[in-house]
Amino acid sequence: MRSAGLIASLVLVAAATIAGATQVSLRVTPSASDNPILSPTFHSFVDELRKNTSIPGISIGAVRLGKDKKPQVYLASWGRNTEDGDADDLTPDTLFCLASCSKAFTATSVGLLIDDFAHGRNVTPLPTGVTRLDWDTKVAAILPEQWQLDDPWTTRLASLRDVLGHVSGLPRHDYSYVPGDTTTDVVLRMKHLRTAYELREKWSYNNQMYMLGAHIIAKYANQSYAAFVTERLFNLLNMSSSTYAPSEAQASGKLTHTWTKHGRRIPFWFTEDMTEISAGAGGVISSAEDMVKWLSAWLNEGVDPISGDKVIPHGVYEAVTTAQHVISGHPTPTYGAGILGYGMGWMRWTYRDIEVVSHNGAIPGFSTLVAFSPSSNLGVVVLANADEKAGHTLEIMKRAFDEALDLPSSSISQSQTANEQPGDKPAQPTRESTPSLDLEAYAGTYTSPGYATLTLCSPLSTSHYCAGVLSDFSSLGPLDVDTPQLYGAYLTLFSTHARLRHHSDDTFNIWLTALFPHGYGKNTTAFETYETGEGEGQVVFSIKEGKVVGFSLIADKAAVAARQRRTQGPLEKTADAWFTKV
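These numbers were taken from a predicted model, which means no experiment stands behind them. (Residues numbered from 1 in each chain as written. Predicted model: local features only at pLDDT ≥ 70, side-chain atom pairs only at ≥ 80, totals over all residues. Heavy atoms only, no water.)

(A) Up close: the nonpolar core. Core analysis: the largest hydrophobic core is formed by 152 residues, its most contacted members being Ile58, Phe105, Trp147, Leu212, Trp294 and Phe541. Top contributing element to this core by residue count: helix H7 (residues 208–221), with nine residues. Setting aside anything within four residues of it in sequence, one finds Trp294 in contact with Ala104, Phe105, Thr108, Leu233, Leu237, Met239, Ile312 and Trp346. Among the nonpolar cores identified, the runner-up in size contains eight residues, and Val469, Leu470, Leu476 and Tyr487 belong to it. (Core = buried A, V, L, I, M, F, W, Y, C linked by side-chain atoms within 4.5 Å. Buried < 20%, exposed > 50% of the residue type's maximum accessible area, 1.4 Å probe, protein only. Helix = DSSP H or I, 4+ residues; strand = E, 2+ residues; numbered from the N terminus. Contact = heavy atoms within 4.5 Å.)

(B) Molecular detail of helix H1 (residues 40–52). The end-to-end C-alpha distance of H1 is 18 Å, a good match for the 18 Å that 13 residues give at a rise of 1.5 Å each. Phe42, His43, Phe45, Val46, Leu49 and Arg50 are the residues of H1 that are buried. Viewed along the axis of H1, the buried residues span an arc of 165°, placing them on a single side of the element. Against the buried residues of H1 lie strand S2 (57–65), strand S3 (71–79) and helix H13 (390–404). Ser54, located one to two residues past H1, shows a positive phi value of around 60°. (Expected span 1.5 Å × (residues − 1). Arc of directions from axis to C-beta.)

(C) Seen up close, the packing of aromatic side chains. Scanning all chains against the criterion turns up 33 aromatic pairs. When the centroid spacing of 6.3 Å and the interplanar angle of 65° are considered together, the rings of Tyr175 and Phe494 count as edge-to-face. Taken as a pair, Tyr175 in the loop between helix H5 (160–164) and helix H6 (183–189) and Phe494 in the loop between strand S16 (485–489) and strand S17 (497–504) lie far apart in primary sequence, 319 residues in all. Taken as a pair, Tyr175 and Phe494 share a single burial class, namely buried. (Phe/Tyr/Trp six-rings, centres within 6.5 Å; stacked < 30°, edge-to-face > 60°.)

(D) Fine view of the state of the cysteines. Counting across every chain of the model gives one disulfide. Sulfur-sulfur distance for the disulfide between Cys457 and Cys466 comes to 2.1 Å. With the S-S bond torsion at -85°, the cross-link from Cys457 to Cys466 turns out left-handed. Of the two residues, Cys457 and Cys466, neither departs from the other in class, the shared state being buried. Cys101 supplies the cysteine sulfur nearest to Cys97, a cysteine that is in no disulfide, at a spacing of 9.5 Å. (Disulfide = S-S within 2.5 Å.)

As structure tokens, then:
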């Protein structure tokens, strides 16, 4: 769609057929006078921000409905698509992983399943004694042999609305699932994961609940979750490039390369053996070109404006976009003066008196944002091929709203945000004391029923396994001999290794990190990457009779504090997980 420099597209839909939409597109530069949604000033703003914040590539789509309800679409892209390209090869049909912006597809699909049952279109019967399927149906009623949390009351009463609204009480346990897991594995493992809050007590984001949503769809639609979404959403909206299969996206030649927040290239994160569990929580692969079709339907209350078909029933539209739970009941710097609420797969908030329905996404290599305002008739999608750029995607979205709605600009481009400082390695802790025992005593194998087994090595460990682990970490440079450290391989969806660095007494800081001993792409020097905040925590070792018996994992301090307030129990019982030394 563009060869050199920046070309924007104003797409005027001229005709449609019942069998499939036919679009007549007029592509113009930003300086044209055909009333494009966004202007050359916006182009300059995004280009400057991209360069100042070291984002390799950004792709944007904006859409509004004309008086005839036909979509007017603006598409533009800046920067690099591939490591081998000319640094200006990104196009609006380039494919990105949407990450958690995928959750809206999952919630909508659960709504479609509910609508199927309501109108007798279901292909699989409900369990005996269950007479209907709706948002308030209890998960235990439709998954009686599989659904169980550590709290009996929550197990019995949690509804579809609760789990998709992130108020189940189960906080994030994002390092508990591994490549090759199925959604069944994830659901069955939930009984071993510690809840932190009572049902509906507190909004607490959880990816596993959207894996659960995908699992329910597959079970009761009698087809894979990906096939259901493709048939009921992608195909009906003519999102012809969208997929859940990394191999399919790669074969299309449209899939972007990806980079870390610090500019190191990394592989596309979700491999084929992760597809089933990543799909519901964050697995959609799409483009700005396809996503404006998705947004057009939301602006038109679920009706595809091209075909006129009702793709999303009105009841589903209302249920998922209505804020039913409060994320923040007070003003926040990011989301302004109003309350920030959550429906199912969508947040709802107010930007400068404009109602906004949105969701952002983040996995290694991607930062994404999808937003629309029903009352202001505007939808915007922002896709970036580097991670931890959420602040910048939101800044672009706000600037797009300012310009498209003729508001005074409120956003100011910043070269770096607080969590985007140079250097991949975590800061050195202040060493306040020494461990109770020799470092070798902490080495060994640790197990937890909800998590993968972790074997820790000291720099003096000599086993074949430890030799490999220490070699991996040594690729980053000489191992630190001044501060006690332990190392291990820990393969999950988001990590390959674990590093423990002594903090104080028997407490160690832990980083669940992805290690690349041989680099990746053209740069073959070793590096590591992890998600700021999510891949960091602490472990507290327990010593009894002079021996290490296990450790408590603290990954979510708020969740640990909530358990301690509720139970007054010891850390072994209130930490996010307890690992026993074997």
